[in-house]
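Inside the fold
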Amino acid sequence: MARRTARFRRRGLMFVLSSPSGAGKTTISRKLLEDDDNLQLSISATTRPKRPGERDGIDYHFVDHAAFERMAQGGELLEHAVVFGNRYGTPRGPVEKALAAGRDVLFDIDWQGTQQVYSKMPDDVVRVFILPPSIEELERRLHTRAQDSDEVVAQRMAKAADEMSHYDAYDYIIVNEQVERAVVEAKAILTAERRRLKRLIGLDSFVKQLRGEG
Ligand SMILES: Nc1nc2c(ncn2[C@@H]2O[C@H](COP(=O)(O)OP(=O)(O)O)[C@@H](O)[C@H]2O)c(=O)[nH]1
Ligand SMILES: Nc1ncnc2c1ncn2[C@@H]1O[C@H](COP(=O)(O)OP(=O)(O)O)[C@@H](O)[C@H]1O
């Protein structure tokens, strides 16, 4: 007799990573995306200028203030916030499509955006906050990234304490000391969250079938 394949599906989840700037969100996100075919990045729109090496439509949708305002007013953004004086927002369409298709979406958004998506879609959101091992190491990382001026680094360090004060609005905390370890931890969280009963669709009839009732 042919073996039956699992006849239930899963709704996608929203995997949110937040941290003070420089703690390692981008590094950890890249590794998760590289190793996981079912995970896709939510590409935010921003009015921030492009950094060297960043590509429009891949790292961000780089837009001007007027275009951002049109998107916000038109209800095209799931959430939006001002961070370091620039506007950032999450386009709604790709997220809804992915979730319905059972794909998971990774978000690199700040605490304000996390709060907004969580209040709209609490059952779909998994919130992870990344902390640096120390404040000295955070500053070192911001300098070694060498993409921002000393002035911008000073601005980000000044904001770090404020951002870190929001850690308690998250479900999971990862201290990014060794990047490989942090990635293993993030993968473990994702794996476990994918098995949550509440995300499984049609499990009832599958179990009925297993019990010979289907
Ligand atoms: N609310 C919100 N925050 C975002 C979004 N995209 C990026 N951010 C946050 O904006 C902050 C600055 O991001 P960025 O300019 O790329 O610098 P980074 O700190 O090096 O990641 C980070 O805390 C991001 O998580 C978004 O769509 N919505
Ligand atoms: N665990 C780690 N140990 C040492 N350096 C790290 C670690 N994680 C990230 N970095 C480095 O720190 C800098 C900031 O990391 P990044 O991922 O850009 O942070 P974020 O996206 O949170 O601003 C980068 O140069 C990155 O290579």
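Reference entry: report on the structure contained in this document. (Residues numbered from 1 in each chain as written. Chains lettered and ligands numbered in written order. Predicted model: local features only at pLDDT ≥ 70, side-chain atom pairs only at ≥ 80, totals over all residues.)

1. Considering the overall build of the protein chain
For the protein chain, the helix and strand inventory stands at 8 helices and 11 strands. For the protein chain, with 214 residues in total, the buried portion stands at 27%. Taking as baseline every contact in the protein chain between residues at least 6 positions apart, the subset at least 24 positions apart corresponds to 71%. (Helix = DSSP H or I, 4+ residues; strand = E, 2+ residues; numbered from the N terminus. Buried ≥ 20, exposed ≤ 12 C-beta atoms within 10 Å, placed from the backbone. Contact = placed C-beta atoms within 7 Å.)

2. Some remarks on the packing of helix H1 (residues 25-34) against helix H7 (residues 179-194)
In contact at an axis separation of 10 Å, H1 and H7 are set at 60° when each is read in the N-to-C sense. With respect to their mutual orientation, H1 and H7 come out oblique. Pair H1 / H7 crosses with right-handed handedness. Counted together, Thr27, Ile28, Lys31 and Leu32 of H1 and Val179, Ala182, Val183, Ala186 and Lys187 of H7 form the full contact between these two elements. (Axes fitted to C-alpha atoms, helices over the stretch in contact; angles between N-to-C directions. Parallel < 35°, antiparallel > 145°, perpendicular 65-115°, else oblique. Left-handed = near helix turned anticlockwise from the far one by under 90°.)

3. Quick word on the pairing of strand E9 (residues 125-131)
In terms of burial, E9 is largely enclosed, as 5 of its 7 residues are buried. Summarising the sheet, strand E2 (residues 14-18) and E9 pair through 5 bridges and their orientation is parallel. Following the sheet pairing, Met14 is matched in E9 by Val125. Where E9 and strand E10 (residues 172-175) come together, 4 bridges link them in parallel fashion. Residue Val128 lies in a different strand from E10, and its bridge partner there is Tyr172. (Pairing = 2+ DSSP bridges.)

4. Describing the sheet that holds strand E5 (residues 61-62)
One open sheet accounts for 4 strands, arranged E5-E4-E7-E6; its pairing is mixed. What marks the edges here is a single partner per strand, and that holds for E5 and strand E6 (77-83). Summarising the sheet, strand E4 (residues 45-46) and strand E7 (residues 86-91) pair through 2 bridges and their orientation is antiparallel. Residue Ala45 lies in a different strand from E7, and its bridge partner there is Gly89. Relative to E7, helix H2 (residues 65-73) is tilted by about 45°, and along the sheet it contacts E4, E6 and E7. Its contacts with the sheet place helix H4 (residues 111-120) against E6 and E7, and it is angled at close to 155° to E6.

5. What to know about the site of ligand 1
In the region of ligand 1, 17 residues are neighbours, and Ser21, Ser44, Ala81, Tyr88 and Gly113 sit closest. Considered class by class, the residues forming the shell around ligand 1 number 4 nonpolar, 8 polar and 5 charged. (Near = placed C-beta within 6 Å. Nonpolar A, V, L, I, M, F, W, Y, C, P; charged D, E, K, R; others polar.)

6. Topic: the site of ligand 2
Taken together, 14 residues surround ligand 2, and among them Gly24, Lys25, Thr26, Thr27 and Arg141 come closest. When the residues that make up the shell around ligand 2 are grouped by side-chain class, the tally is 2 nonpolar, 9 polar and 3 charged.

7. Topic: the pairing of E7
Relative to E7, E6 is paired through 6 bridges, and the arrangement is antiparallel. Bridge assignment links Val83 to a residue of E7, and that residue is Asn86. In textbook terms, the turn of a hairpin is the stretch between consecutive antiparallel strands, and for E6 and E7 this stretch comprises 2 residues, one of which, Phe84, has a positive phi near 50°.

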